Amino acid sequence: MAVRVRMAPSPTGFLHVGTARTFLFNWLFARQQGGACLLRIENTDMNREVEGATEQIQRSLTWLGLDWDGLSFQLDRMARCQEEAQRLVESGHAYEDEGAIRFRMPDEGVTAYDDLVLGRVETPNDALDDLVLVRGDGRPTYNFASPVEDWLDEITHVIRGRDHISNTPKQINILRALGAAPPAYAHMPDVEGEDGKKLSKRHGAQSLDEFRDMGYYALALMNFLALLGWSYDDKTTIMSRDELIERFSFDRVQSSPATFDYKKLDWMNGVYLRDLSPEDYANALIDYLGPNWDPEKVRKIAPLVQEKLTRFGEFPRYANFYFQDDVEPEDPSVLDAGVLGRAQAALRRVERWDAPAIEAALRGLADELGVKPGQAFQPIRMAVTGSKISTGLFESLELLGRDETLRRLDRALDEAA
């Protein structure tokens, strides 16, 4: 039978990065095996559903680079679940209880399965309580709707988070009572913060929207998430989407929790950004910044920041001064009237306004002043950009133009006087 997997996020909240990691594992396995990956919205808890969550789930997965081969909503099969629950009552596997229908769990023996990550898992049946299949209002519960849909969708592998381990023996017994063969199960390791606690808002970004807003590159985040609990070998870190698909296997999925290391993610994101062609980098940066930033100006600035940024979200820190009429120096004490005045005179003498000529003029100025270049350049950078951190000084002045550069030096001279 061809591989068929599914991921069933709940719209009771926005898509969490840990859930996205688990969807990624489903997707990698399905694509590697030439099978199908289904997206199922688990909407049995309508009272807690968050407005817009279903759209956010799909939008986030698409941004990450994942697709799916079918979309369904659990409550769409409510009538079928009610029919199957009634059939279980008739067969003696379930019973009515104050308007609800409960499944009769076996009392003796164990329910066992071979987990593709954890190995043999056994649960004593006397530890399993009878559970509600259909509520009094007719809505099926998650623990009934989920295995019923797995059966109807011919799911071959259920790849999900470790928090579902307690559900698995219950769902196996329900499937057997329905006359269906249970799928293979693989429970992925939890994702923790560096403090060893479950990943949460205190560790930083949580939803994929937040990672996108912070300026992470989707393919870099995909690569990073794939390594949260899985590895190809002990050395390989950077892998393309196709390489991840080709190399994924359950035998390299670890059983212990994975640690979400933001420093490693930033490093990996920087590697991906620096490896982009200048054109692709500029296009990705423009797409990230959106319509409020002049795309033509961003395209000119992009080559100046490509080696500096680890995330697109850092762009304003380095480049805001290009888009401002006046800049306020973050440290006015750096402004030196003597240096600025002589820099202004040196720059007026530059015949061809480009970075090499500007560099030659300012290095000559440093020699005349008898100081190291950095000492001479710092007041000029502060005057023109307002910051000690910016794109390359000579390239920045070239892009600003002679007139604007001299105007900013004039203004800074007034403040330094």
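Just so you know, these numbers come straight off a predicted model, no measurement behind them. Per-chain numbering applies: the sequence of each chain, read as written, is numbered from 1 onward. In keeping with the model being predicted, local features are shown solely for residues with a pLDDT of at least 70 and side-chain atom pairs are shown and tallied solely at 80 or more, while totals for entire chains, interfaces and linings include all residues. Excluding hydrogens and water, the side-chain values take into account all heavy atoms of the structure.

Draft legend 1. Expanded view of the overall build of the protein. Counting its secondary structure elements, the protein contains 17 helices and 12 strands. Computation of the radius of gyration draws on C-alpha atoms, with the globule rule given as 2.2 Å multiplied by the number of residues to the power 0.38. Taken over the C-alpha trace, the protein has a radius of gyration of 30 Å; the compact-globule value for 417 residues is 22 Å, which it surpasses by more than 25%. Along the three orthogonal principal directions, the C-alpha set of the protein runs to about 95 × 45 × 35 Å. When contacts within the protein are restricted to residue pairs at least 6 apart in sequence, long-range pairs at least 24 apart make up 74% of them. Only the protein chains shown count as cover for residues, and all accessible areas are computed by the Shrake-Rupley method using a 1.4 Å probe. In the structure as shown, the protein presents an accessible area of about 19300 Å², 45% of it carried by carbon and sulfur atoms. Only four residue types enter the charge count: Lys and Arg as positive, Asp and Glu as negative, with His and the chain ends excluded. A charged residue contributes its charge at one atom only: NZ of Lys, CZ of Arg, CG of Asp or CD of Glu. Looking at charge distribution, the protein has the averaged site of its 49 positive side-chain charges lying 3 Å from that of its 69 negative ones. Starting at the N terminus, helices and strands are each numbered in turn, a helix being any DSSP run of H or I of at least four residues and a strand any DSSP run of E of at least two. Only heavy atoms enter the contact rule, under which two residues are in contact if any of them lie within 4.5 Å.

Draft legend 2. Focus on the environment of Asp-410. In this structure, Asp-410 sits in helix α17 (residues 402–416). As a C-alpha pair, Asp-410 and Gln-344 span 66 residues in sequence and 8.0 Å in three-dimensional space.

Draft legend 3. Structural view of the side chain of Arg-21. Considering the arrangement of structural elements, one finds Arg-21 in helix α1 (residues 17–32). Accessibility here uses a 1.4 Å probe with only protein chains present; expressed as a share of the type maximum, an area under 20% marks a residue as buried, one over 50% as exposed, and anything in between as partly exposed. Salt bridges are counted wherever a side-chain nitrogen of Lys or Arg sits within 4 Å of a carboxyl oxygen of Asp or Glu. Look at Arg-21: it is buried, it has no salt bridge, and the nearest opposite charge is Asp-190 at 6.1 Å. When neighbours within four sequence positions are excluded, Arg-21 is seen to be in contact with Met-188, Pro-189, Val-191, Leu-225 and Leu-228.

Draft legend 4. The layout of surface pockets, seen in detail. Taken as a whole, the largest pocket encloses approximately 750 Å³ of empty space. With a 1 Å grid spanning the protein atoms alone, the term cavity applies to any set of points in which a 1.4 Å probe fits but cannot get out, the term pocket to an open set with protein on both sides within 12 Å along at least five of seven lines, and the term lining residue to any residue with an atom within 4 Å of a point. Lining the largest pocket are 29 residues, and of these His-16, Gly-18, Thr-19, Asp-163 and His-164 lie nearest its centre. Breaking the lining of the largest pocket down by element, the ones donating at least two residues are β1 (4–7), α1 and β9 (157–161). The dominant element in the lining of the largest pocket, judged by the number of residues it contributes, is α1, at 4 residues. Each residue is assigned to one class: nonpolar for Ala, Val, Leu, Ile, Met, Phe, Trp, Tyr, Cys and Pro, charged for Asp, Glu, Lys and Arg, and polar for all the others, Gly among them. Taken together, the residues of the lining of the largest pocket break down into 11 nonpolar, 9 polar and 9 charged. Grid points are joined across faces, edges and corners, and a volume is the space filled by probe spheres set on the points.

Draft legend 5. Spatial organisation of the sheet that holds strand β5 (residues 100–103). Between any two strands, pairing holds if DSSP finds at least two bridges. The 3 strands are arranged β4-β5-β8 in an open sheet whose pairing can be described as antiparallel. In this open sheet, the two strands that pair with only one neighbour each are β4 (94–97) and β8 (131–134). For this sheet, the mean angle separating the axes of adjacent strands, direction not counted, is 45°. Bridging between β4 and β5 involves 4 bridges; their strand directions are antiparallel. Within β5, the position partnered with Glu-96 by the bridge is Ile-101. Each axis is a line fitted through C-alpha atoms, taken for helices only over the stretch in contact, and angles between the N-to-C directions span 0 to 180 degrees.

Draft legend 6. Highlighting the nonpolar core. Residues Leu-225, Phe-260, Phe-315, Leu-362 and Ile-380 are the most contacted members of the largest nonpolar core, which totals 101 residues. By residue number, the principal contributor to this core is α1, which donates 9 residues. Among all residues touching Phe-260, those that are not within four sequence positions of it are Val-17, Val-191, Glu-192, Glu-194, Leu-199, Phe-211, Phe-224, Leu-225, Leu-228 and Leu-265. Buried Ala, Val, Leu, Ile, Met, Phe, Trp, Tyr and Cys residues form a nonpolar core when they are joined through side-chain atoms within 4.5 Å. Grouped together as the second largest cluster of nonpolar side chains are 17 residues, Cys-81, Phe-103, Leu-128 and Phe-144 included.

Draft legend 7. Expanded view of the environment of Arg-176. By the secondary structure assignment, Arg-176 is in helix α5 (residues 168–178). In contact with Arg-176, other than residues within four places in its own chain, are Thr-111, Ala-112 and Pro-182.

Draft legend 8. Representation of helix α13 (residues 337–348). With 12 residues, α13 extends 17 Å between its outermost C-alpha atoms, agreeing within 8% with the 16 Å of an ideal straight helix rising 1.5 Å per residue. Inspection of α13 places Val-339, Leu-340, Ala-343, Gln-344, Ala-346 and Leu-347 among the buried residues, and these make up the whole buried set. Along the axis of α13, the buried residues cluster in a sector spanning 165°; they form a single face. In the core, the buried residues of α13 are packed alongside α14 (355–369), α15 (373–385), α16 (393–400) and α17. Residue count minus one, scaled by 1.5 Å, sets the expected span of a helix. Within this analysis, the arc is defined by the directions that extend from the helix axis to the C-beta atoms.

Draft legend 9. Here's a closer look at the packing of aromatic side chains. To pair, rings of Phe, Tyr and Trp, with the six-membered ring standing in for Trp, must have centres within 6.5 Å; the planes then decide the type, stacked if under 30 degrees apart, edge-to-face if over 60, and tilted in the middle. Across all of its chains, the model carries 18 aromatic pairs by this definition. Between the aromatic rings of Tyr-217 and Tyr-272, the centroid separation amounts to 6.4 Å while the plane-to-plane angle is 45°, which identifies the pairing as tilted. Here Tyr-217, found in the loop between α6 (208–213) and α7 (218–226), pairs with Tyr-272, found in helix α9 (residues 262–275); they are 55 residues apart in sequence, far enough to count as distant. Judged by relative accessible area, Tyr-272 falls into the buried class, the value being 14%.

Draft legend 10. Focus on the pairing of strand β7 (residues 119–124). Inspection of the sheet shows strand β6 (residues 110–115) paired to β7 by 6 bridges, in the antiparallel sense. In the strand pairing of β7, Ala-112 is matched with Glu-122. Here β6 hands over to β7 after 3 residues, the two strands then running antiparallel side by side.

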